[in-house]
Amino acid sequence: QVQLVESGGGLVQPGGSLRLSCEASGSIFSFYVMGWYRQAPGKQRELVATIASSGMITYADSVKGRFTISRDNAKNTVYLQINSLKPEDTAVYYCNIRFLTTNSWGQGTQVTVSS
């Protein structure tokens, strides 16, 4: 089993920044994809960014240039740096890891962008 714990969410003004963290624990296969997803009220969960064990990174078009995903292998932690936040970025942000038959989610961290 893999456990994911997110942190770093909060209330921020438009134009502000946040860094979300996702620490993974448990048995993790060598080849994996970790990612951040978000779900706004009344909307479906959507992909934000992913980073594979190979280092390959993908971003949703809506966040390119503002969001940066990165990882610290020694800490089993993936980060999401969010800059130039907009009200439409308000959502619960979830961390995810996929490998073999594993598809695990964290509990989510709330990001609210409001003046």
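Figured I'd write up the structure that's included with this text. Residue numbers restart at each chain and count upward from 1, following the sequence in its written direction. This being a predicted model, a pLDDT of at least 70 is required before a residue's local features are given, and a value of 80 or more before pairs of side-chain atoms are given or counted; all residues contribute to the totals for chains, interfaces and linings. Hydrogens are left out, water is left out, and the side-chain values use all remaining heavy atoms of the structure.

### Digging into the nonpolar core
Residues belong to a common nonpolar core when they are buried Ala, Val, Leu, Ile, Met, Phe, Trp, Tyr or Cys residues joined through side-chain atoms within 4.5 Å. Only protein chains enter the calculation, and the probe is 1.4 Å; a residue is then buried if its accessible area is under 20% of its type maximum, exposed if over 50%, and partly exposed in between. By size, the foremost hydrophobic cluster in this structure holds 29 residues, and its most contacted members are Leu4, Met34, Trp36, Val48, Leu80 and Tyr93. What counts as a helix is a DSSP run of H or I of at least four residues, what counts as a strand is a run of E of at least two, and both are numbered from the N terminus. When contributions to this core are tallied by element, the ones reaching two or more residues are β1 (2–7), β3 (18–26), β4 (33–39), β5 (46–52), β7 (67–72), β8 (77–82), β9 (91–99) and β11 (109–113). In terms of residues, this core owes the most to one element, β9, which gives five residues.

### Regarding the side chain of Thr50
Its location among the elements puts Thr50 in strand β5. Under the relative-accessibility criterion, Thr50 is labelled buried at 10%. Side chain to side chain, Thr50 and Thr58 meet in a polar contact 2.4 Å long. Any two residues having at least one pair of non-hydrogen atoms within 4.5 Å are treated as being in contact. In this view, Thr50 contacts Val33, Met34, Gly35, Met56, Ile57, Thr58 and Ile69; residues no more than four positions away in its chain are not counted. N or O atoms closer than or at 3.5 Å make up a polar contact, with two conditions inside protein: a donor-capable atom paired with an acceptor-capable one, and, for residues adjacent in sequence, both atoms drawn from side chains.

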